[in-house]
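So you can see what is in the structure, the chains are spelled out below.
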Amino acid sequence: MTLVRERRHQQALHLPLPVLRNVFPFPLPLPPLRPDSPVNLSDLEKLTILGQGNEGTVYKVRHRRNSTIFALKVLRLNEDPTTIRQQATREAEILKRVNSPFIVHCHGVFDNGNLCFVMEYMDAGSLHDLLQIRRRLPEKLISDIGRRVLEGLKYLHGMRIVHRDIKPSNLLINGRGEVKIADFGVSQVVAGAHDFACCDTYVGTCAYMSPERFDTDRCGGEYDGFPGDVWALGVALLECHVGYYPLLLPGQRPDWGALMCAICFGELPEMLPTASPEFRSFVRRCLDREWRKRATVKELLSHPFVAKCPSSTQGLVDALHG
């Protein structure tokens, strides 16, 4: 069965924290459109809805002249338009900067009363969608997914961009078996090596937040934002291994108190007996609660768990069509 989802019925684990950020008294302009953008909104024909949320809708669209398929993300400004526009402006600025085979490509940003992002269409949905079908993934496949996300994070961190919302529903897959990082709505560009500005707000999905982000008092409110992306990747890959959100018991309600205890104080979950020593070591390096001791992306790319992984998309293609 081909895993191609035209509408996402299952909801990813999402418990957002209250957003505490400066609110500007005037609307922020969007950055200019990419100069090489091949599309205009008038060129696009809506085909179906890929997903819906409180802030907007994602459509599958087709270019009327050349039949190219895109994903069109439309953000509504009905509620708190200044905050939504501020977030969209930050996301657009980041998308203008990035160009990597491990990042979902943005073809254009438009403002026609709603804020619209024309994105690369990832026809096999997300890692979250795949887990809804397969529940658990084989270790070789987890290794390949991990390597591809690490390559994306290596690129982002090299540009001083902290993603801040790595999770299965933001890791998109196409029919060629490529995995790409998406959704930069809460990401931030860090100005310098000792810039802790990314620690000033609680944003993202708290189930995948690292301990220092969840409980800022433990580090005096100052920490490097990049290790938080590594923690989130470790949680996501462990989820692929056990078949459920790994820091809580199966069926346990992911409320604020339970998540805080699990992330900041709880024992790390037991891995399945079939887990290799390399995978166990990799997860431990990702999920070190002390952010200064947590492995960096560069260190993890040389870890045996992913370094031994052949550069092939066939395993993921087989999982999509098996």
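Provided above is the structure to which this section pertains.
Here is a short report on the structure shown in this document. (Residues numbered from 1 in each chain as written. Predicted model: local features only at pLDDT ≥ 70, side-chain atom pairs only at ≥ 80, totals over all residues. Heavy atoms only, no water.)

Residue position: M119 is located in strand β5 (residues 115-120). You can call M119 buried: its relative accessible area is 13%. Remark: the alpha-carbon pair of M119 and A71, spanning 48 residues in sequence, is separated by 5.0 Å. Setting aside residues up to four positions removed in sequence, M119 forms contacts with F70, A71, L95, V104, H105, C106 and H107. (Helix = DSSP H or I, 4+ residues; strand = E, 2+ residues; numbered from the N terminus. Buried < 20%, exposed > 50% of the residue type's maximum accessible area, 1.4 Å probe, protein only. Contact = heavy atoms within 4.5 Å.)

What follows deals with unusual backbone geometry. Positioned with a positive phi, R135 is a non-glycine residue whose angle comes to about 65°. Counting through the fold element by element, R135 comes out in the loop between α2 (127-134) and α3 (139-158). Judged by relative accessible area, which is 46%, R135 ranks as partly exposed. Despite not being glycine, D183 shows a phi value in the positive range, around 65°. Taking the relative accessible area as the measure of exposure, D183 reaches 33% and is therefore partly exposed.

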